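Here is how the chains run, residue by residue.
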Amino acid sequence: MDIKIYHNPSCGTSRNTLAIIRNAGAEPQVIEYLKTPPSKKELQEMIEKAGLTVREAIREKGTPYAEMGLGDSNLTDEQLLDAMLANPILINRPFVVTPVGVRLCRPSEVVLDILPLPQKGPFSKEDGEAVIDAEGRRVKGNG
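Heads up: these notes are all about the structure in this document.

Analysis parameters
- Residues numbered from 1 in each chain as written.
- Predicted model: local features only at pLDDT ≥ 70, side-chain atom pairs only at ≥ 80, totals over all residues.
- Heavy atoms only, no water.
- Core = buried A, V, L, I, M, F, W, Y, C linked by side-chain atoms within 4.5 Å.
- Buried < 20%, exposed > 50% of the residue type's maximum accessible area, 1.4 Å probe, protein only.
- Helix = DSSP H or I, 4+ residues; strand = E, 2+ residues; numbered from the N terminus.
- Contact = heavy atoms within 4.5 Å.
- Arc of directions from axis to C-beta.

1. Re the nonpolar core
Grouped together as the largest cluster of nonpolar side chains are 21 residues, with contacts concentrated most on Leu-43, Ile-47, Met-84, Leu-90 and Phe-95. When contributions to this core are tallied by element, the ones reaching two or more residues are helix H2 (40–49), helix H3 (77–86) and strand E4 (101–104). Element by element, the count of residues in this core is highest for H3, at four residues. If we ignore the near neighbours within four places in the chain, the residues touching Leu-43 are Pro-38, Leu-81, Met-84, Leu-85 and Ile-91.

This is the structure in structure tokens:
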């Protein structure tokens, strides 16, 4: 199964997304994008395939977004992509790539829309919120 997650192990949403993938019995290729960022082409393709704009894929919280003046509406997509690659913390996470599609998995259960395998059992997020029931089905209210 060809699944990739652009992961930040210090991010709860990213950890929950990875756990949901594994709950389906898949072992994805885990790319710690802060250490190994995608190429500009890969990043651009992921953003496009996820149906996002470059601006929608930028993380503002806990990043140098404001200090770098990235809120300036005159900046081009090229300039924003360059900033994201120079400072990978600006890439919102986690992006997941599967044979079914690409999504920015915020919230983490968005990954269920593109997983080609069913969930194998119950799953709750780190905060205790139930996402998958004992039969492997989404809990009502989660997606």
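Next comes the rest of the write-up.
2. Quick look at H2
Working note: α-helix, 3.6 residues per turn, so residues spaced by three or four point in the same direction. All of the buried residues along H2 are Leu-43, Met-46 and Ile-47. For H2, the buried positions fall inside an angular range of 95° around the axis, keeping them on one side. In this structure, H2 carries Lys-41, Glu-48 and Lys-49 as exposed residues pointing more than 90 degrees from its buried face. Buried-residue contacts for H2 involve strand E1 (4–7), H3, strand E3 (95–98) and E4. Following H2 by one or two positions, Gly-51 adopts a phi angle in the positive range, close to 75°.

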